[in-house]
Amino acid sequence: ARRSTDEDSPRQWVDDHVLRLQEPTSVWSDFGTLGHDVLEAFLAPGSTVEYSLEALLDLAEERWHDDVAQFAPQRAQARRELRQVLENWWSMEGAHFDRSRVVDVELAFDFPVGAHSVRGRIDRVDFDPDTNGLAVVDYKTSRMAKSDADANDDVQLAVYYLAAKRSEALVQIGPPTRLELRYLRVSKTVTQTITPDHGERAEQRVLDAAQRRLEERLDPLTNGHGATGDNHRPGPLQRAGG
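Overview of the structure.

The rules behind the values
- Residues numbered from 1 in each chain as written.
- Predicted model: local features only at pLDDT ≥ 70, side-chain atom pairs only at ≥ 80, totals over all residues.
- Heavy atoms only, no water.
- Helix = DSSP H or I, 4+ residues; strand = E, 2+ residues; numbered from the N terminus.
- Buried < 20%, exposed > 50% of the residue type's maximum accessible area, 1.4 Å probe, protein only.
- Contact = heavy atoms within 4.5 Å.
- Pairing = 2+ DSSP bridges.
- Axes fitted to C-alpha atoms, helices over the stretch in contact; angles between N-to-C directions.
- Parallel < 35°, antiparallel > 145°, perpendicular 65-115°, else oblique.
- Left-handed = near helix turned anticlockwise from the far one by under 90°.
- Nonpolar A, V, L, I, M, F, W, Y, C, P; charged D, E, K, R; others polar.

We now examine the overall build of the protein. The helix and strand tally for the protein stands at eight helices and five strands. Secondary structure of the protein in N-to-C order comes out as α-α-α-α-β-β-β-α-α-α-β-β-α. Burial statistics for the protein: of 242 residues in total, 48% are counted as buried. Considering only intrachain contacts with a sequence separation of at least 6, the fraction spanning at least 24 residues in the protein is 65%.

Below, the structure is given as structure tokens:
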């Protein structure tokens, strides 16, 4: 998820990655995508970019494009904030990070959960020598961070756990042992605790969330008295006359 306005919403994540109901991008979603792309190029296995803050910021300048925003004041703000986000990441993690531990970046997944196909990308997967397993990391550019307690209910990290367990390449390295959200604007990392039934719970949460969203979108429009109108138009997922 690369939205900055509502990227932590379970509803939005299910819409985007389970039901495929993406909305048009905004200035700040494009900004988030650019930040992800810079870190992807900087940390990718085999990257030849010098490992330094200066090289990271230079890479951001190379990747910058003015169509991130339509108006000059927005572009100037986005450019300043991109630099700040990357400097925050360097202070949080980069200055003491071993890039050789990165297993993959922007790892695509596509697997079934019940009648649904769940698709997406994991920002980063690292080998974690402390647990002899995998650390799954997702970057956030939203201005508000979840608490650790709220992170335990994060459906996105739960799905990433499933994706890591189902990846033929990753299972050869080890199981997922850490699930983290890294909030780059506010320099905070929160973790989802992995439970013995994590996979089963994750699947059920995806099914429940998708069903709730489908029911919400299939509800017929009502008239002002709360009754279904005779001449209402079908909702976004309704069949006409259904």
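Right, let's get into the sheet that holds strand β4 (residues 176-183). Strand order in the open sheet formed by five strands is β1-β2-β3-β4-β5, and the pairing between neighbours is mixed. The open sheet has two free edges, formed respectively by β1 (102-113) and β5 (188-192), since each of these has just one partner strand. Along the sheet, successive strands turn relative to each other by an average axial angle of 35°, direction set aside. Inspection of the sheet shows strand β3 (residues 133-140) paired to β4 by seven bridges, in the parallel sense. Bridge pairing in β4 links L134 to P176. Contacting β1, β2 (116-128), β3, β4 and β5, helix α6 (residues 155-166) crosses the sheet at an angle of about 95° to β1.

Between helix α3 (residues 53-63) and helix α4 (residues 72-92), the least distance of the axes is 10 Å, while the angle of their chain directions is 150°. Taken together, the axes of α3 and α4 lie roughly antiparallel to each other. Seen along the crossing, α3 lies across α4 with a hand that is right-handed. Between α3, through L53, L56, L57, A60 and E61, and α4, the contact on the second element is made entirely by R79, L82, R83, L86, E87, W89 and W90. Of the residues belonging to the contact of α3 with α4, the class tally is eight nonpolar, no polar and four charged.

Another aspect to go through is unusual backbone geometry. The phi dihedral of N132 is positive, around 55°, even though this residue is not glycine. The topology assignment puts N132 in the loop between β2 and β3. A positive phi angle, near 55°, is found at S187, a position not held by glycine. Residue classification places S187 among the partly exposed positions, given a relative accessible area of 39%.

It is worth stressing that arrangement in space is one thing and function is another; only the former is reported here.
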